[in-house]
Amino acid sequence: MAYQLFIIPSATPGCSIYVVIDGGAPKMRVGLTPDAPRLLSCRAVFQTQALSASSHGEGQSILLVGEADFSFSMCVAKSLGQGQNITATSLNTKDEWEKMFSKAKPNIQVLKRLTATVIPRVDATKMAQHPGFKAPNVNATKPTLLKFQRIVFNFPHAGFVKGSNEADEDMISRHQELVSGFLKNAYEMLTEDGEVHVRHHSAEPFKRWKVVDLAKKVGLHFREQKPFNLAAYPHYTPKKGAGNDPDGPLTLHKPSLFRFDQLDQA
Ligand SMILES: C[S@@+](CC[C@H](N)C(=O)[O-])C[C@H]1O[C@@H](n2cnc3c(N)ncnc32)[C@H](O)[C@@H]1O
């Protein structure tokens, strides 16, 4: 491991203190995160994150669902230097994502060059039934369901309803249905040593989705919730993903990474 990166949140929004330790030739650099992408390649950032948070390591099979312009998948593939073990999916069709997102096409080109798999029309609440995740099994009548070591849904959102707002109970229920359906399917598709990652806002009214309770209900074990630092993902641009301006930047409200696994709860 060439680098170790430690990010220390500061009181100034968008600015964190970072410390980089270059293990190859021991030396230390200290600065503010807006400078970090210029000093470190995305790859180094990911290598260090994989170390500290077991986010995405080399050789791990990774399934990404609910992608918008595929910038997160592209960043993961670039950071790993290959996409062989990456399956990136979207609820949209190819025609839809090309119309909705200005960067979807170039991001997918990078993913394909890095040999990642890209699958359209994957509904996260039914994905265990999707034919793209079934492998033929010569010894059994039923095909085998493919399993993944990381299953990731960033900023799930069930879409906008005219006249409603995010604090309405019926909107919260719609979002909860989406997240529960995703978690249930992810549980089925997770390897024994795997983790489900959900990035989600932890401010009101989004915290009322109660993502941790939803995960526990489907049998997943809650590992941790930690602040999500977008600055550490230089090519990732979270998108609204639906409505009048799907390509617009998504406003993050105290974003967190929620990690779940299959360990039995004590
Ligand atoms: C706020 S956007 C976030 C998009 C993307 N993950 C990102 O971080 O930029 C919410 C996304 O959830 C997706 N979505 C909604 N319902 C879904 C479902 N049933 N299965 C898969 N994706 C879904 C939408 O297509 C949209 O892209």
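Below you will find a few notes about this structure. Computed from a predicted model, the values in this text were never measured in an experiment. (Residues numbered from 1 in each chain as written. Predicted model: local features only at pLDDT ≥ 70, side-chain atom pairs only at ≥ 80, totals over all residues. Heavy atoms only, no water.)

1. Description of the sheet that holds strand β4 (residues 62–65)
Then comes step 1: Pairing is mixed across the open sheet formed by seven strands, whose spatial order is β6-β5-β4-β9-β10-β12-β11. Each edge of the sheet is formed by a strand with only one pairing partner; in this case those strands are β6 (117–119) and β11 (221–227). In this sheet, adjacent strand axes meet at a mean angle of 15° when their direction is disregarded.
Then comes step 2: By the bridge criterion, three bridges tie β4 to strand β5 (residues 86–89) in an arrangement that is parallel. Note on β5: the bridge partner recorded for Leu64 is Ala88. (Pairing = 2+ DSSP bridges. Helix = DSSP H or I, 4+ residues; strand = E, 2+ residues; numbered from the N terminus. Axes fitted to C-alpha atoms, helices over the stretch in contact; angles between N-to-C directions.)

2. Observations concerning the pattern of salt bridges
Then comes step 1: Applying the stated rule across the entire model yields eleven salt bridges.
Then comes step 2: The shortest N-O distance in the salt bridge between Arg208 and Glu204 comes to 3.8 Å.
Then comes step 3: Taking the relative accessible area as the measure of exposure, Arg208 reaches 29% and is therefore partly exposed.
Then comes step 4: Assessed through its relative accessible area of 48%, Glu204 is described here as partly exposed.
Then comes step 5: The network of salt bridges with common partners includes Arg150, Glu195, Arg223, Glu224, Arg259 and Asp261. (Salt bridge = Lys/Arg side-chain N within 4 Å of Asp/Glu carboxyl O. Buried < 20%, exposed > 50% of the residue type's maximum accessible area, 1.4 Å probe, protein only.)

3. Notes on the layout of surface pockets
Then comes step 1: Each pocket or cavity is described by its volume, and for the second largest pocket that value is around 580 Å³.
Then comes step 2: Around the second largest pocket, the lining comprises 33 residues; the ones closest to its centre are Gly66, Phe153, Phe155, His157 and Gly241.
Then comes step 3: For the lining of the second largest pocket, the secondary-structure elements that each account for two or more residues are α3 (71–80), β9 (148–154) and α6 (169–188).
Then comes step 4: Tallied by class, residues from the lining of the second largest pocket come to 17 nonpolar, ten polar and six charged. (1 Å grid on protein atoms, 1.4 Å probe; cavity = no way out; pocket = protein on both sides within 12 Å on 5 of 7 lines; lining within 4 Å. Points joined across faces, edges and corners; volume = space filled by probe spheres on them. Nonpolar A, V, L, I, M, F, W, Y, C, P; charged D, E, K, R; others polar.)

4. Remarks on unusual backbone geometry
Then comes step 1: Following Glu204, the chain continues to Pro205 via a peptide bond in cis, the omega torsion being -5°.
Then comes step 2: Although it is not a glycine, Phe70 sits at a positive phi angle of roughly 65°.
Then comes step 3: The backbone of Thr115 shows a phi angle near 65°, a positive value even though the residue is not glycine.

5. Some words on the nonpolar core
Then comes step 1: Core analysis: the largest hydrophobic core is formed by 32 residues, its most contacted members being Met127, Phe182 and Leu183.
Then comes step 2: For this core, the secondary structure elements donating two or more residues are β4, β9, α6, β10 (190–201), α7 (211–217) and β12 (255–261).
Then comes step 3: With six residues, the single largest contributor to this core is α6.
Then comes step 4: Beyond its immediate chain neighbours, meaning those up to four positions away, Leu183 contacts Val196, Val198, Val211, Leu214, Ala215, Val218 and Leu220.
Then comes step 5: Among the nonpolar cores identified, the runner-up in size contains 26 residues, and Ile62, Ala68, Phe72 and Val76 belong to it. (Core = buried A, V, L, I, M, F, W, Y, C linked by side-chain atoms within 4.5 Å. Contact = heavy atoms within 4.5 Å.)

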